[in-house]
Amino acid sequence: MTTIKDQSYEIEHFPVTTEVSDRINRTGNIICDLKVNSVLDIGGADFFQLCKNKNIHYRSLNIEEPQKTGTGGYHKAPYTITYDGKIIPFASNTFELVIVNFVLHHTPDNVLDLLQQIHSISSKYVLIGEDIAGLDYELQWHKRNYEHQPGGIFRSDQEWKILFDLYKMRLIKQCIIHRTTDGDQNKIYRALYILEKI
C-alpha cells in the first residue's frame, strides 16, 4: 500500500488484488476510520454486521429488481429498503456517511440528480467508488465496461473530480484499486473517492 500526500488530498494505492472481499474489507476500514454514527449504503448491503458491531446506524437502499442488462452485481438483503432508482427517500442531513460503491455508472440518465440528492442527504461524508475510463484506455477495458453495463457512463478520473467540485464535495482521499487484469498499471481503472460535504 502506497500513500501519497497531494496538496489538496491524499492518494492511496491499494495492493493488487482480484478479490471483491478485499474491496469490502477496505471500505469497512474507511467506515471505521471516519468514525461516523450513521451510514446509508446505496446499491450495497455489505456493511450491516460491521455497523451493528460498531453501534453505527446502517441502512441499505437499492432498486426493487436487478437491471435486465449487463454483468453488474445486485446487492439486496432482507434489511434493504427499495426505491425507484431516481428519488432517494431520505431527508437532508440524515446520514453522516453515504456510500455509493460502483453504482453510478449503472444510472446514466440521472447521475447528476442523484449526486445532488446524495450531497443533501449526507451530513458529513460521501464515499463514491467507480470504474474509471477515458479515450486513452485500451479497447479491452471499454469492451469490459460495455458488457458490464450496456449504455452505462464510465467517466474519467478528472471528470469525477470536476463533478465533486460542482456538487460541493471536497475530495479528501482517493484510494486507487489495482487488479492483476489491469492493462496498464500506470492507469486508474477503479477508485474510491472519500469526500467531505462542503
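Because the structure is a prediction, the values reported are computed rather than measured.

> Could you give me a rundown of the nonpolar core, with the residues and numbers involved?
Membership of the largest hydrophobic core comes to 36 residues, with the highest contact counts inside it found for Ile42, Ile88, Leu115 and Trp160. Of all the elements in the fold, those that place two or more residues in this core are strand E3 (38-42), strand E6 (95-101), helix H3 (111-121), strand E7 (122-131), helix H5 (157-166), strand E8 (169-176) and strand E9 (190-197). The leading source of residues in this core is H3, at five residues. Apart from the residues within four sequence positions on either side, tryptophan 160 is in contact with Leu104, Val111, Leu115, Glu130, Ile132, Arg155 and Tyr193.

> Please set out helix H4 (residues 139-148) residue by residue, giving values where relevant.
Buried within H4 are the following residues: Trp141, Asn145 and His148. The arc that holds every buried residue of H4, seen down its axis, measures 60°, which confines them to one face. Projecting away from the buried face of H4 at angles above 90 degrees are the exposed residues Leu139, Gln140 and Tyr146. Buried residues belonging to H4 abut E7 and E9.

Parameters at a glance
- Residues numbered from 1 in each chain as written.
- Predicted model: local features only at pLDDT ≥ 70, side-chain atom pairs only at ≥ 80, totals over all residues.
- Heavy atoms only, no water.
- Core = buried A, V, L, I, M, F, W, Y, C linked by side-chain atoms within 4.5 Å.
- Buried < 20%, exposed > 50% of the residue type's maximum accessible area, 1.4 Å probe, protein only.
- Helix = DSSP H or I, 4+ residues; strand = E, 2+ residues; numbered from the N terminus.
- Contact = heavy atoms within 4.5 Å.
- Arc of directions from axis to C-beta.

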